[in-house]
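Working through the structure, step by step
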Amino acid sequence: IVKHGLTSEFERIAGEVLALDGSFEMLCSRGSDVWFIPKAWVVLLPENSIAWTHLKRRVSIALWFVRETDNKLALIFERCAMDDPKLRVECAAQLKSAGFKLGQQALSPDAKYSRFFRETCQVNDLNEEKEVQYAIEKLLIKAKEQLPKVETVLRTVFQTRAKR
C-alpha cells in the first residue's frame, strides 16, 4: 500500500476495521503497524511499560497489525519490559501455562520483548483495499479466539497482585 502523506492506506483500513468493531482502543498507528488493546483490558493492565514509548498508554502487553515485506499482514500479541521484572516473569509463566508459545528467554527477568502469539494472512495485492480489509478482519477473528485466555492471565496476574 502506497503511503499518502503521513498515513498509509493500511493504517486507514486497520483503523476503520477496529473502529467498526468497537471493542478495541487504538494505541498507535505508524504507517506499517497499528497497535491496540481490547477496551476491556484498559482497567486490567497497569501502565507499567518501560519500553514502548510510542504508545499512548504505557501498557506492557499489546496487540498489533503489521504490514510485512512479503505481501503478508500479521497480527502479533507481545509483552515488553515492565517496571517490575518479577511481575513480568510471573506474567510470562502464566501466559505459557495458558498455552501460549514462549521460549525460555521470555521467563528471564531481563527479557525485554516477548511475542506470544502471531498469525499471518497472505495478501495478493497490498494496494487492493477490499483484500487488505478482508485480511485484517480475518486476523481480528483469530485474535478474538485468543483474547479470553489472555484476559484470564491478566486478571490472575494483575488483579490478584493488586489485592495482596
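Only a predicted model underlies this, so the values are computations on that prediction, with no experimental measurement involved.

Within the largest apolar cluster, 57 residues are counted, with the highest numbers of intra-cluster contacts made by Trp41, Phe65, Leu73, Leu75, Phe77 and Ile136. For this core, the secondary structure elements donating two or more residues are helix H1 (9-21), strand S3 (24-29), strand S4 (33-38), strand S5 (61-67), strand S6 (72-79), helix H2 (85-97), strand S7 (114-122) and helix H3 (129-163). When residues of this core are assigned to their parent elements, the largest contribution, 12 residues, is made by H3. Residues contacting isoleucine 136, with those up to four places away along its chain left out, are Phe10, Ile13, Ala14, Val17, Phe65 and Leu73.

The next thing to look at is the pattern of salt bridges. One pass over the full model with this rule turns up 12 salt bridges. Across the salt bridge formed by lysine 144 and aspartate 21, the nearest N and O atoms sit 2.3 Å from each other. Within this pair, whereas lysine 144 is found in helix H3, its partner aspartate 21 is found in helix H1, the two being separated by 123 residues in sequence. For aspartate 21, a relative accessible area of 28% translates into the label partly exposed.

Examined against the element boundaries, glutamate 78 turns out to sit in strand S6. Of the residues examined, glutamate 78 reaches a relative accessible area of 7% and is grouped as buried. In this structure the side chain of glutamate 78 is engaged in a polar contact, spanning 3.2 Å, whose partner is the side chain of tryptophan 64. For glutamate 78, the side chain forms a polar contact with the side chain of arginine 115, separated by 3.5 Å. Filtering out sequence-adjacent residues up to four positions away, glutamate 78 remains in contact with Trp52, Ser60, Ile61, Ala62, Trp64, Tyr113, Ser114, Arg115 and Phe116.

On to the side chain of glutamate 25, then. Among the secondary structure elements, glutamate 25 is positioned in strand S3. Judged by relative accessible area, glutamate 25 falls into the buried class, the value being 14%. Here arginine 57 takes part through its side chain, which lies 2.6 Å from a polar atom of the side chain of glutamate 25. Beyond its immediate sequence surroundings of up to four residues, glutamate 25 is in contact with Trp35, Phe36, Ile37, Lys39, Val42, Lys56 and Arg57.

Along S4, 6 of the 6 residues are buried, which leaves the element largely enclosed by surrounding structure. Both faces of S4 are covered, namely the face carrying Asp33, Trp35 and Ile37 and the face carrying Val34, Phe36 and Pro38. Where S3 meets S4, 5 bridges bridge the pair, whose relative direction is antiparallel. Note that in S4 the partner of methionine 26 across the bridge is phenylalanine 36. If you look at the hairpin formed by S3 and S4, you'll find 3 residues sitting between the two strands, and glycine 31 has a positive phi there, around 85 degrees. Pairing geometry for S4 and S5, over 4 bridges, is antiparallel. In the sheet register, phenylalanine 36 faces S5, and the bridge partner there is leucine 63.

For the rest of this paragraph, the subject is the packing of aromatic side chains. Enumeration over the complete set of coordinates arrives at 8 aromatic pairs. Note on phenylalanine 77 and phenylalanine 116: the rings are 5.8 Å apart at their centroids and 80 degrees apart in plane angle, and the pair reads as edge-to-face. Taken together, the residues phenylalanine 77 in strand S6 and phenylalanine 116 in strand S7 connect sequence positions 39 residues apart. Neither phenylalanine 77 nor phenylalanine 116 differs from the other in exposure class; each is buried. Ring-pair connections join several aromatic residues into one group, and the members of that group are Trp35, Trp52, Trp64 and Tyr113. The ring of phenylalanine 100 has lysine 149 lying over it, and the distance from NZ or CZ to the ring centre is 4.6 Å.

Definitions and cut-offs
All residue numbers here refer to positions counted from 1 along the written sequence of the relevant chain. The predicted origin of the model limits local features to residues at a pLDDT of at least 70 and limits the giving and counting of side-chain atom pairs to 80 or more, whereas totals for whole chains, interfaces and linings rest on all residues. Only hydrogens and water are set aside when side-chain values are computed; all heavy atoms of the structure are taken into account. Among buried residues, the Ala, Val, Leu, Ile, Met, Phe, Trp, Tyr and Cys ones that are joined through side-chain atoms within 4.5 Å form a nonpolar core. Relative accessibility decides the category of a residue: with a 1.4 Å probe and only protein chains considered, values under 20% of the type maximum give buried, values over 50% give exposed, and everything between is partly exposed. Under the scheme used here, helices are H or I runs from DSSP no shorter than 4 residues and strands are E runs no shorter than 2 residues, and both carry numbers assigned from the N terminus. Residue contacts follow a heavy-atom distance rule, with two residues in contact if any of their heavy atoms lie within 4.5 Å. Every case where a carboxyl oxygen of Asp or Glu lies within 4 Å of a side-chain nitrogen of Lys or Arg is listed as a salt bridge. For this analysis, a polar contact is any N or O atom pair within 3.5 Å, provided that within protein one partner can donate a hydrogen and the other can accept it, and provided that sequence-adjacent residues contribute only side-chain to side-chain pairs. Strand pairing is defined by DSSP finding a minimum of two bridges between the two strands. Between rings of Phe, Tyr and Trp, where Trp is taken as its six-membered ring, a pair exists when centres lie within 6.5 Å; planes separated by under 30 degrees are stacked, by over 60 edge-to-face, and by other angles tilted. Sitting over a ring, as applied to charges here, requires NZ of Lys or CZ of Arg to be within 6 Å of the ring centre and within 35 degrees of the ring normal.

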